[in-house]
Amino acid sequence: MRSPLVGPHYKWIVLSNTTVGVLLATLNGTSLIIALPVIFRGIHLNPLAASSFPYLLWIMMGYLLVSAAIVVTVGRIGDMYGRVRMYNLGFAWFTIGAIALSCVWSTGSTGALELVILRMFQAVGGALLMANSAAIITDAFPSEQLGLALGMNMVAAIVGSFLGIIVGGVLAQVGWRWVFLANVPVGVFGTVWAYLKLKEIGIRIKAKIDWLGNLAFAAGLGMILTGVTYGIKPYGHSLTGWGSPFVLEMIGGGLVALVIFVLVEMRVEDPMFRLSLFRIRAFTAGNAASFLGSVGRGGMQFMLMIWFQGIWLPQHGYSFTQTPLWAGIFMIPFMAGFVVSGPLSGKLSDKYGARPFATAGMLLSGAMYAVMMTFPANFSYAPFAVTMFFTGIGGGLFASPNTASIMNSVPARHRGAASGMRVTFAQAGMPLSMGLFFSLLVIGLNAKVPAAMYSGLLAHGVPVAKATQLSHLPPLGYIFAAFLGLNPLKSLLGPAVLNHLPATQAAALTSRSFFPHLIGPSFKHGLVMILTVAVVMSVIAAIASALRGEKFVHEDEESIAQKAHLNRHAHRVRIRPVGEAPPSGQPDGTRELDGAALTREDGTHSPRRRPAVPSARSD
């Protein structure tokens, strides 16, 4: 059995391994998005067919929905059975999922369904990694270094997102299966390294699994996010699906399930998540700010990708097949801003507290969203790159201080569940943001595009019937076509129409500039509404962040016991089992803590708990 004692360098082993885990997860996500056109061609599925749209949504969103729905549960299980054990399982699970995805041999809708199911399977591994990584880092690092550690970890996430774009673009040219296979060596290395080097130094608690609470939470959040996802899809003659009975039933049923979840958690002996933690102001304010920031930021990043891919890049000489890769490259300034400010803000927040940095980050992000409103659809790149850079600075200022503030504020025994809830708030904001922003984009496009498309097609010789049909298409059809690297009008008109037009007219309709010029003003109209919402969300997130109070670090006997594990030369600490009499002496230098008192600790008060104290007078 491996010794639980660790040396002074153990924290850097933890940071290195969890950084590999974060890198793997983010690289996988962006590389998949870039490779979607090749994947659809590989399984012989037309991405523009109406029957393909649900598969497209679920391949993109299914992973996120499953991860958000179960991440609190797996975090709680990590508190009970060992965070390192669950983290190791997540690495192995994620890697097995990557292997299975690369082995999908079916084609058509069957192949797409297999990809969706296996991505959801892989999401369980991703949830195990995400829920426990921040808790393991918090276990290993002293509170005065936690912001720096989490900042470096989050920079890895941004770097992984960028590398995923490059890797996905390159590997997709070789074959779509390599997009998944590329994760396998990293996953195997990370799994073996984690098993050999990481140790259980966190406090474990004995408790029963709250099956009813777990089921109610997963069902409730999953139903709501599913409803929001299908709200993007057109329904009947409506451009969006918000009036669909399925969407309304999903959202309504999800809200009912979450109410049941709260009632269950207030009554069971061992709840999945202790709602009493919301009495901790730093925890509540940090999660509120994270959720609101995610709503403002998540869909906005997707809109920027569409802006580049569907409008800006084609007008600057890039073919539609190249735009997914180059959109990521041209967004490097955003990632660079995050890389610059993430570790620095984390380090400074360790000394001065999270409030000034996290609040300033949200305000800066909101200000940059407002600046983006002033750019035309076909903008000049240099000033836009500067704006993206400062937007990334704002994100970096917020992310690591906010996460460190949340994780420092909770009892050691609840770090896994707290980390899971933190990830849930952040991830739930993404599909909610996409549902809201895509709906606003559709409203903006539909205000002007139908008339512009009808007159533009007629002017280039397209028959009236075909022009009428295409002008009434739901905007998401051609938006997703551009996002998938397809020339929308070339795909929508098809050879049956193009072959009967004069060559000059056909070339004009399928040129790189016709479609972007057609939808550019309408896209900007919808984008202004989106950016307005993003500004409002960022300002509210800044207010929530400012309300977190002074720097706060939760200290109790459990955290003292854990800190003793962090140095090889520290006194050994043993948690005395409930019912065992205290010894008369400790000749070997081992310090004992009362397990009964620790078991009674509920996150708010305990006879044996030292009061939670601020580690600094103020921010």
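Residues numbered from 1 in each chain as written. Predicted model: local features only at pLDDT ≥ 70, side-chain atom pairs only at ≥ 80, totals over all residues. Heavy atoms only, no water.

Helix and strand counts for the chain stand at 22 helices and two strands. A total of 619 residues make up the chain; the buried ones form 59% of that total. Restricting the contact set of the chain to residue pairs at least 6 apart, pairs at least 24 apart contribute 82%. Surface exposure of the chain reaches about 23900 Å², of which carbon and sulfur atoms provide 69%. (Helix = DSSP H or I, 4+ residues; strand = E, 2+ residues; numbered from the N terminus. Buried < 20%, exposed > 50% of the residue type's maximum accessible area, 1.4 Å probe, protein only. Contact = heavy atoms within 4.5 Å. Areas by Shrake-Rupley, 256 points an atom, 1.4 Å probe, with all protein chains shown as cover.)

Let us now look at unusual backbone geometry. With a phi angle near 60°, H44 is a residue other than glycine that sits in the positive phi range. A relative accessible area of 63% means that H44 is categorised as exposed.

As a further point, take the environment of L89. In this fold, L89 is placed in helix α3 (residues 83-102). Taking the relative accessible area as the measure of exposure, L89 reaches 38% and is therefore partly exposed. Through-space distance from the C-alpha of L89 to that of A194 is 9.7 Å; in sequence the pair is 105 residues apart.

We now examine the pattern of salt bridges. Using the criterion set out here, one finds one salt bridge in the structure. Between R83 and D139 there is a salt bridge, with the nearest N and O atoms lying 2.8 Å from each other. Of this pair, R83 sits in helix α3 while D139 sits in helix α4 (residues 108-140); the two residues are 56 residues apart in sequence, bridging distant segments of the chain. When sorted by exposure, R83 lands in the same class as D139, which is buried. (Salt bridge = Lys/Arg side-chain N within 4 Å of Asp/Glu carboxyl O.)

Another point: the environment of K233. By the secondary structure assignment, K233 is in the loop between α8 (211-231) and α9 (245-265). Relative accessible area serves as the criterion here: at 26%, K233 is assigned to the partly exposed category. Sequence separation between K233 and V247 is 14 residues, and the spatial gap between their C-alpha atoms is 10.0 Å.

Moving on: helix α13 (residues 355-372). Between its first and last C-alpha, α13 extends 26 Å over 18 residues, near the 26 Å set by a 1.5 Å rise per residue. The set of residues buried in α13 consists of F357, A358, T359, G361, M362, S365, G366, M368, Y369 and M372. Taken together, the buried residues of α13 touch α10 (281-312), α12 (332-352), α14 (381-408) and α20 (514-546). (Expected span 1.5 Å × (residues − 1).)

We now examine the packing of aromatic side chains. What the rule picks out here adds up to 29 aromatic pairs. Pairing F375 with F384 gives two aromatic rings, centres 5.1 Å apart and planes at 85°, and the pair type is edge-to-face. F384 gets classed as buried once you look at its relative accessible area, which sits at 0%. Every member of this aromatic cluster is reached through a ring pair, and the members are W307, F308, W312, Y318, W326, F330, F375, F379, Y381, F384 and F523. When the ring centre of W105 is taken as origin, the NZ or CZ atom of R177, which lies over that ring, is 3.8 Å away. (Phe/Tyr/Trp six-rings, centres within 6.5 Å; stacked < 30°, edge-to-face > 60°. Lys NZ or Arg CZ within 6 Å of the ring centre and 35° of its normal.)

The next thing to look at is the side chain of Q309. Within the fold, Q309 resides in helix α10. Excluding its chain neighbours within four sequence positions, the residues that come into contact with Q309 are P314, F320, T323, P324, A327, A482, F483 and L484.

The subject of this paragraph is the packing of helix α15 (residues 415-459) against helix α17 (residues 475-483). For the pair α15 and α17, the least separation of the axes is 9 Å and the interaxial angle reads 100°. With respect to α17, the axis of α15 lies roughly perpendicular. Packed against α15, whose contacting residues are F438, V442, L445, N446, V449 and M453, the element α17 presents P475, L476, Y478, I479 and F480 at the interface. Looking at the contact of α15 with α17 residue by residue, the class counts come to ten nonpolar, one polar and no charged. (Axes fitted to C-alpha atoms, helices over the stretch in contact; angles between N-to-C directions. Parallel < 35°, antiparallel > 145°, perpendicular 65-115°, else oblique. Nonpolar A, V, L, I, M, F, W, Y, C, P; charged D, E, K, R; others polar.)

On the secondary structure map, G227 appears in helix α8. The sequence separation of G227 and I251 amounts to 24 residues, and the corresponding C-alpha distance is 5.4 Å. In contact with G227, not counting residues within four places along its chain, are W242, V247, M250 and I251.

This part covers the nonpolar core. Formed by 152 residues in total, the largest nonpolar core has its most connected members in L115, F283, M300, W307, F308, F384 and F438. In this view, F384 contacts L304, W307, F308, M372, F375 and F379; residues no more than four positions away in its chain are not counted. (Core = buried A, V, L, I, M, F, W, Y, C linked by side-chain atoms within 4.5 Å.)

A separate point is the packing of α12 against α14. At a closest axis distance of 6 Å, the pairing of α12 and α14 adopts a crossing angle of 30°. Regarding the angle of α12 to α14, the classification is roughly parallel. The element α12 and its partner α14 pack so that their crossing is right-handed. Of the residues assigned to the contact of α12 with α14, the class counts are 13 nonpolar, eleven polar and no charged. (Left-handed = near helix turned anticlockwise from the far one by under 90°.)

As a further point, take the side chain of S522. For S522, the position within the fold is in helix α20. Not counting chain neighbours up to four residues away, the residues in contact with S522 comprise G444, L445, K448 and V449.

Bringing helix α1 (residues 10-42) into the picture now. Since there are 3.6 residues in each turn of an α-helix, residues three or four apart along the chain are aligned in direction. The terminal C-alpha atoms of α1, which comprises 33 residues, lie 45 Å apart, in line with the 48 Å expected from a rise of 1.5 Å per residue. Of all the bends found along α1, the most pronounced is centred on A35 and spans about 60°, while P37, a proline, follows it within four residues. Most of α1 is tucked away: 25 of the 33 residues are buried. Taken from the residues just after α1, H44 is the one with a positive phi, measuring 60°. (Bend = angle between axes of the 7 residues up to and from the residue.)

With that out of the way, let us pick up a nonpolar patch on the surface. A cluster of nonpolar side chains, namely V188, V192, Y195 and L196, defines an oily patch on the protein surface of about 400 Å² accessible area. Turning to its location among the elements, V192 is positioned in helix α7 (residues 183-197). Look at V192 and you get partly exposed, because its relative accessible area is 43%. (Patch = residues over 30% accessible without salt bridge, like charges linked within 9 Å, V, L, I, M, F, W, Y side chains within 5 Å.)

The subject of this paragraph is the confidence of the model for the chain. In this model, the chain carries a mean pLDDT of 80, and residues with pLDDT of at least 70 account for 87%. Summarising per-element confidence for the chain, the mean pLDDT is lowest in helix α22 (residues 595-600) (40) and highest in α13 (94). Taken as a whole, residues 568-579 scores under 50 in pLDDT and shows 36 contacts with residues more than four places along the chain or in a different chain. Within the model, pLDDT remains below 50 along residues 585-619, and this stretch shows 86 contacts once partners closer than five positions in the same chain are excluded. (pLDDT = per-residue confidence, 0-100.)

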